[in-house]
Amino acid sequence: MEVERSLNMEAKKTPQSMVNVKKRKALIGVNVAVMILISIAIFVFVSYINDRHYYRFDFTASGKYSLSGKTKKIVKGLEEPVFVTTLLQHNPDYRFHGQILDILEEYKYLSNKIKVTSLNPFTDQTKITELSEQLKMDLEQIQLNSIIFVSGDKSKHVLLTEVIERTFPFKFKGEEVFTSAILNVTQDSQTTIYYTKGHGERNFEDFERPGLGGLASAIKRANYKVLPLDLLKKKQVPEDCDLLFIAGPTKSFSTEETNYIRDYLGTTARLVDEKGELKDGKLLVMLEPALGSNTTSGLKALLGEYGIMVRDDTVVYNKVNLPLFGMQTVSEIYVSDKKYPDHEITQDMRSLTTLFFGSCVVSAAPLTDSMAFGAKPLAEAPDSSWGETEVGVQKKPKYNQDVDVSAPITLAVASELRDAPKNPQADLHTPPHASKLYENMGKKGARVVVFGDVDFAANAFANNPGNRDLVLNSISWLARKEKELGISAKAPDVRRAIIKPAQMTFIFWSSIAGLPFIGILVGGIVWWIRRR
């Protein structure tokens, strides 16, 4: 009966119903095909967007895989492409190769001007030959395990030995070395810094604790040329001097020498040179208190012309509450957060602390209508500080309201040409050559930065987070390289775990005996439950 009924139903189907069924099946098939194509299109579109617009996150506590603010400014400000080629042996056991490629990915992510290519020195011989022809070098000169930076007709070879500090513990210095290489190949010329000699200044070639060898190396890595200068022999500041550096003189500069510096910088009375061009000298001064064998620097009058007042007969002290020792008077001055007044040099440094040691007082003079230069503070001491004028007279420094310098205390000052008045013609007190001054405002003109201390820049304090950055930012500001302002690459994060014998014993027994015992215990509990 069932078979007969099915045959009757099939017989009742009309050709039209058969056509409708086929149409529905076709529509369903087309719909499925269209949905599959749409899904593929969405996947391709999302992948395309993700490949070009993605964000990298660094979840490490120390920011190990993040570039510094200074590097980001430099890379984002690139105008010409920089081609980076790595020639590394493919050795999976060598952990630093991975770090090199990772950090180059960060550079590439920051700017489409960075192009990174990785070549195998053994299998990519044709491409390496093409690279040697591009660099106009013999094939033998291209070294294995190196990273080559090229921009235009300039190139910089970075060897693996420069990236890795091989003294224990091994340190990876990729960012500071690679950023330096980018500066080398993208800047038209090196900025020249001359440092004075002959007045007991700190030595730029000394890598002992009081020397400035570490600072000099950091300055050179930032693509500056550093040269010595004896003003009495040279009789002038050289024409190629972009910045004059006076680092902790313990003997006085003569009137003749200060006149050379004055002529280089340009003062309110002489803002332009013989050609009618605005003088554009740059000066960085680090002073020391005139105590013991130290004499006054002889620079007070000169610096006063730029609105900077110097008290080199004082030492700044601070009262701090030390654990176990109570309230103590110290010459270590810590500057951080709001003690960095608003200025381009310090705008990114509020999270860092700068340590000054035995500083004298340096402050900004009140502005008058006749002053072409205006000074602004860069660093201020804590509110509990004061400038001690009777050092050595009393056994323990103590604030004396009648003779000592009271808070607020300024430790560093920057000076430059003042802002132009709204109506220069109506200002009866404008300095000489005012029209030339206002025409070049913000583009040229002398700049001066003065610190009351030199120890903070020495090798002994180089590891303090904000010390070296404050000096390097000052140099960048003086050289009008605002793109290089910011916080430098972090020191390599090296962490040591010190395990005591008792702790080692605990770790041994908890891992060797403890973990297996947990398994046995859990198994026993399960067996007991099932048994019941």
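Quick summary incoming for the structure in this document. Just so you know, the residues in each chain are numbered from 1, in the order the chain's sequence is written. A pLDDT threshold of at least 70 governs which residues receive local features in this predicted model, and a stricter bar of 80 or more applies before side-chain atom pairs are shown or counted, although totals over entire chains, interfaces and linings include all residues. To obtain the side-chain values, all non-hydrogen atoms of the structure were used and water was disregarded.

Quick look at the packing of aromatic side chains
Which entries qualify depends on this criterion: Put simply, two rings from Phe, Tyr or Trp (the six-membered ring, in Trp's case) pair if the centres are within 6.5 Å, and we call them stacked under 30 degrees between planes, edge-to-face over 60, tilted for the rest. Strands here mean DSSP runs of E at least two residues long; helices mean DSSP runs of H or I at least four residues long; both are numbered from the N terminus. Burial classes: relative accessible area under 20% of the type maximum marks a residue as buried, over 50% as exposed, and values in between as partly exposed (1.4 Å probe, protein chains only). Our definition puts a charge over a ring when NZ of Lys or CZ of Arg is within 6 Å of the ring centre and also within 35 degrees of the ring normal.
For the structure on display, the rule yields 11 aromatic pairs. Pairing Tyr107 with Phe178 gives two aromatic rings, centres 6.4 Å apart and planes at 65°, and the pair type is edge-to-face. Taken together, the residues span a long stretch of sequence, with Tyr107 in helix H4 (residues 95-110) and Phe178 in helix H7 (residues 174-186) at a distance of 71 residues. Phe178 sits in the buried class, given a relative accessible area of 0%. Ring geometry for Tyr195 and Phe204: centres 4.3 Å apart, planes at 15°, overall stacked. Of the residues examined, Tyr195 reaches a relative accessible area of 7% and is grouped as buried. What makes Phe204 buried here is its relative accessible area of 5%. Of note, Arg447 hangs over the ring of Trp477, and the distance from its end group to the ring centre comes to 4.2 Å. For the cation-ring pair, Lys481 lies above Tyr224, with the distance from its terminal atom to the ring centre recorded as 4.4 Å.

Details of the pattern of salt bridges
Put simply, the rule is: We define a salt bridge as a side-chain nitrogen of Lys or Arg found within 4 Å of a carboxyl oxygen belonging to Asp or Glu.
Tallied over the entire structure, the rule returns 15 salt bridges. Between Arg202 and Asp455 there is a salt bridge, with its nearest N and O atoms 2.8 Å apart. Of this pair, Arg202 sits in the loop between strand E7 (191-196) and helix H8 (213-221) while Asp455 is found in the loop between strand E20 (447-451) and helix H13 (467-478), placing the two residues 253 residues apart along the sequence. Comparing Arg202 with Asp455 shows no difference in burial state: the two are buried. A salt bridge links Lys300 to Asp312; its shortest N-O distance comes to 3.4 Å. A residue pair is termed long-range when its members are at least 10 positions apart, and Lys300 in helix H11 (residues 300-304) and Asp312 in the loop between strand E11 (308-311) and strand E12 (315-322) qualify at 12 residues. With relative accessibility at 2%, the residue Asp312 sits in the buried group. Within the structure, one salt-bridge network assembled from shared partners comprises Arg202, Glu288 and Asp455.

Focus: the packing of helix H3 (residues 69-76) against H7
The condition that has to hold: Only the contacting stretch of a helix is used when fitting its axis, a line to C-alpha atoms as for every element, and angles between N-to-C directions run 0 to 180 degrees. Put simply, angles under 35 degrees are roughly parallel, angles over 145 are roughly antiparallel, angles from 65 to 115 are roughly perpendicular, and the rest are oblique. By definition, turning the near helix anticlockwise from the far helix through less than a right angle yields a left-handed crossing, and turning it clockwise yields a right-handed one. Note on definitions: a residue-residue contact is assigned when non-hydrogen atoms from the two residues lie within 4.5 Å. Under the scheme applied here, ten amino acids are nonpolar (Ala, Val, Leu, Ile, Met, Phe, Trp, Tyr, Cys and Pro), four are charged (Asp, Glu, Lys and Arg), and all others, including Gly, are polar.
Packing of H3 against H7 leaves a shortest axis separation of 11 Å and a crossing angle of 30°. Our classification of the angle between H3 and H7 gives roughly parallel. The interaxial crossing formed by H3 with H7 has left-handed handedness. Across the interface between the two elements, Thr71, Ile74 and Val75 of H3 pack against Glu175, Thr179, Ile182 and Leu183 of H7. For the contact of H3 with H7, a count of residues per class yields four nonpolar, two polar and one charged.

Comments concerning the sheet that holds strand E18 (residues 386-388)
We count it as follows: Pairing between strands is defined by DSSP: at least two bridges between the two strands are required.
As summarised here, the arrangement of the three strands in space is E13-E12-E18, forming an open sheet in which the pairing is antiparallel. With one partner strand each, in any of the chains shown, strand E13 (326-330) and E18 form the two edges of the open sheet. Going across the sheet, the axis of each strand differs from the next one's by a mean of 40°, ignoring polarity. As paired strands, E12 and E18 are joined by three bridges and run antiparallel to one another. Looking at E18, one finds that Val315 is bridged to Glu388.

Observations concerning the side chain of Thr258
When you line up the elements, Thr258 lands in helix H10 (residues 255-265). When its relative accessible area of 7% is taken as the criterion, Thr258 is described as buried. If near-sequence neighbours (up to four positions away) are discounted, Thr258 is found in contact with Phe253, Gly298, Leu299 and Leu302.

Comments concerning the pairing of strand E8 (residues 224-229)
The condition is simple: Clockwise travel from the first strand over the helix to the second, with the strands pointing away from the viewer, marks a crossover as right-handed.
The pairing of E7 with E8 spans six bridges and is parallel. Residue pairing for E8: Tyr195 is matched across the bridge by Pro228. The parallel pair E7 and E8 is bridged by H8, and the resulting crossover is right-handed.

Describing the nonpolar core
Selection rule: Take the buried residues of types Ala, Val, Leu, Ile, Met, Phe, Trp, Tyr and Cys, join any two whose side-chain atoms come within 4.5 Å, and each joined set is a nonpolar core.
Counting residues in hydrophobic clusters, the biggest one holds 45 residues, and the most contacted among them are Ile219, Phe245, Leu284, Phe356, Val449, Phe451 and Ile475. The leading source of residues in this core is H13, at six residues. Residues contacting Leu284, with those up to four places away along its chain left out, are Leu243, Leu244, Phe245, Ile246, Val449, Phe451, Val471, Ile475 and Leu478. Counting 34 residues, the second largest nonpolar core, distinct from the first, contains Leu244, Ile261, Leu265 and Val448.

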